[in-house]
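# Chain and residue survey
Single-letter residue listing:
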Amino acid sequence: MKNKMEFNEIKVSSMVFIFAVVFFIGFATLIPIIYILGWDAAYELSGIINLLMNILLCSMLIRRLDISKSGIIFLYNDFRHKVKFIEIFFIIIFEVCIGIGSTCILSYIICSRSPTLLIDFFEEFSPCFLSTNGYIICFFITVIIWPIIDEIVFRRTIFKKITEKFNIYVGMIVSTLISTSLQIGGGVVGIFVIGMINCILYRKYNNIFILILTHSISTLIFISFLGNFVINISKLNILTSKDILSSFYIGILFIFIGVIMLIIYINKNKIYLKENL
């Protein structure tokens, strides 16, 4: 009899098929819009289409897991019993610090080459934050839907399978690199850290709700920062050397705090990096 904590295993081939189907549906939806209404209309509707594609992807993955109501209740009760909010708070702080710090340092590097290049770079993100609809869509995708998809696909499935076949270190690195490659942007280092830490959390608690919680809250705080950062950058016509240096020093400070906390956390939980617990 299947344990209530256990759901159906999703084969990698099945996941690839699900991703391909959703991508095809999204592509097939955009083509007639571009043909009939033009590129501008397609660009305006791309956020809504992206949201619907993510909802579809999440629904298909959850359905494939065959999660029963009793299983969800059992997992939730297990979550309430296991979760340590002080630990979650500690994790969120250093994940956000590293995400913000890396974004500031990336900004400094881009500015060192060309200040206008940074403005152009972040103007690509501005539609997500300069309108209410854009921010709502961004919120639902990055804070609610994608953490569920990310943890189901990359921690519960890919990390678990690679760890069983090779070892935990290969599982952590490969699953996190694949996950991060799908979310390339200003907070790529923060995304990588979230992935690595959630691999440890999965080994420690074996409860996907805890992973989704930390992922969602860390992302919420980070996109709130990124939204303000993008809005302020997009309003500037030119960045001064003082702005550039401030970004560098702030980035170094946040990275330093985040890395120190990360080292403390890993050292405290190094037992979960062993092959046999």
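Residues numbered from 1 in each chain as written. Predicted model: local features only at pLDDT ≥ 70, side-chain atom pairs only at ≥ 80, totals over all residues. Heavy atoms only, no water.

Scored by pLDDT, the chain comes out at a mean of 84, with 84% of its residues at no less than 70. For the chain, helix 6 (residues 126-130) is the element with the lowest average pLDDT, namely 62, and helix 8 (residues 168-181) is the one with the highest, namely 91. (pLDDT = per-residue confidence, 0-100. Helix = DSSP H or I, 4+ residues; strand = E, 2+ residues; numbered from the N terminus.)

Evaluated as defined, the whole model comprises ten aromatic pairs. Aromatic side chains Phe79 and Phe209 sit 6.4 Å apart centroid to centroid with 70° between the ring planes, which places their arrangement in the edge-to-face category. Remark: Phe209 occurs in helix 10 (residues 208-235) and Phe79 occurs in helix 3 (residues 69-82); sequence separation between them is 130 residues. A relative accessible area of 25% places Phe209 in the partly exposed class. Ring geometry for Tyr108 against Phe248: centres 4.6 Å apart, planes inclined by 45°, an arrangement best described as tilted. With Tyr108 in helix 4 (residues 85-113) and Phe248 in helix 11 (residues 241-268), the pair connects residues that are 140 residues apart, well separated along the chain. For Tyr108, a relative accessible area of 25% corresponds to the partly exposed category. (Phe/Tyr/Trp six-rings, centres within 6.5 Å; stacked < 30°, edge-to-face > 60°. Buried < 20%, exposed > 50% of the residue type's maximum accessible area, 1.4 Å probe, protein only.)

This brings us to the nonpolar core. Membership of the largest hydrophobic core comes to 29 residues, with the highest contact counts inside it found for Phe94, Met172, Ile197, Leu201 and Tyr265. When residues of this core are traced back to their parent elements, those giving at least two are helix 4, helix 8, helix 9 (188-205), helix 10 and helix 11. In contact with Tyr265, other than residues within four places in its own chain, are Glu87, Phe90, Ile91, Phe94, Ile197, Ile200, Leu201 and Lys204. Listed in part, the 23 residues of the second largest apolar core include Ile10, Phe154, Ile162 and Ile208. (Core = buried A, V, L, I, M, F, W, Y, C linked by side-chain atoms within 4.5 Å. Contact = heavy atoms within 4.5 Å.)

Here we take up the packing of helix 1 (residues 12-37) against helix 2 (residues 39-65). In contact at an axis separation of 9 Å, helix 1 and helix 2 are set at 160° when each is read in the N-to-C sense. As summarised for this structure, helix 1 and helix 2 are arranged roughly antiparallel, according to the angle between their axes. Seen from above, helix 1 lies across helix 2 with right-handed handedness. Considered class by class, the residues forming the contact of helix 1 with helix 2 number 21 nonpolar, three polar and one charged. (Axes fitted to C-alpha atoms, helices over the stretch in contact; angles between N-to-C directions. Parallel < 35°, antiparallel > 145°, perpendicular 65-115°, else oblique. Left-handed = near helix turned anticlockwise from the far one by under 90°. Nonpolar A, V, L, I, M, F, W, Y, C, P; charged D, E, K, R; others polar.)

This paragraph deals with helix 9. The terminal C-alpha atoms of helix 9, which comprises 18 residues, lie 25 Å apart, in line with the 26 Å expected from a rise of 1.5 Å per residue. Across the 18 residues that make up helix 9, a large majority, 14, are buried. Following helix 9 by one or two positions, Asn206 adopts a phi angle in the positive range, close to 50°. (Expected span 1.5 Å × (residues − 1).)

Let us look at the pattern of salt bridges. Summed over the entire model, instances satisfying the criterion amount to four salt bridges. A salt bridge links Asp78 to Lys82; the nearest nitrogen and oxygen atoms lie 3.3 Å apart. Pair noted here: Asp78 and Lys82 are both in helix 3, with a separation of four residues, about one helical turn. Arg155 is the salt-bridge partner of Glu151, the closest N and O atoms lying 2.8 Å from each other. On the criterion of helical spacing, the pair formed by Glu151 and Arg155 is a turn pair, its members being four residues apart in helix 7 (residues 132-165). Relative accessible area serves as the criterion here: at 0%, Glu151 is assigned to the buried category. Owing to a relative accessible area of 0%, Arg155 belongs among the buried residues under this scheme. A single salt-bridge network, built from bridges that share partners, covers Asp150, Glu151 and Arg155. (Salt bridge = Lys/Arg side-chain N within 4 Å of Asp/Glu carboxyl O.)

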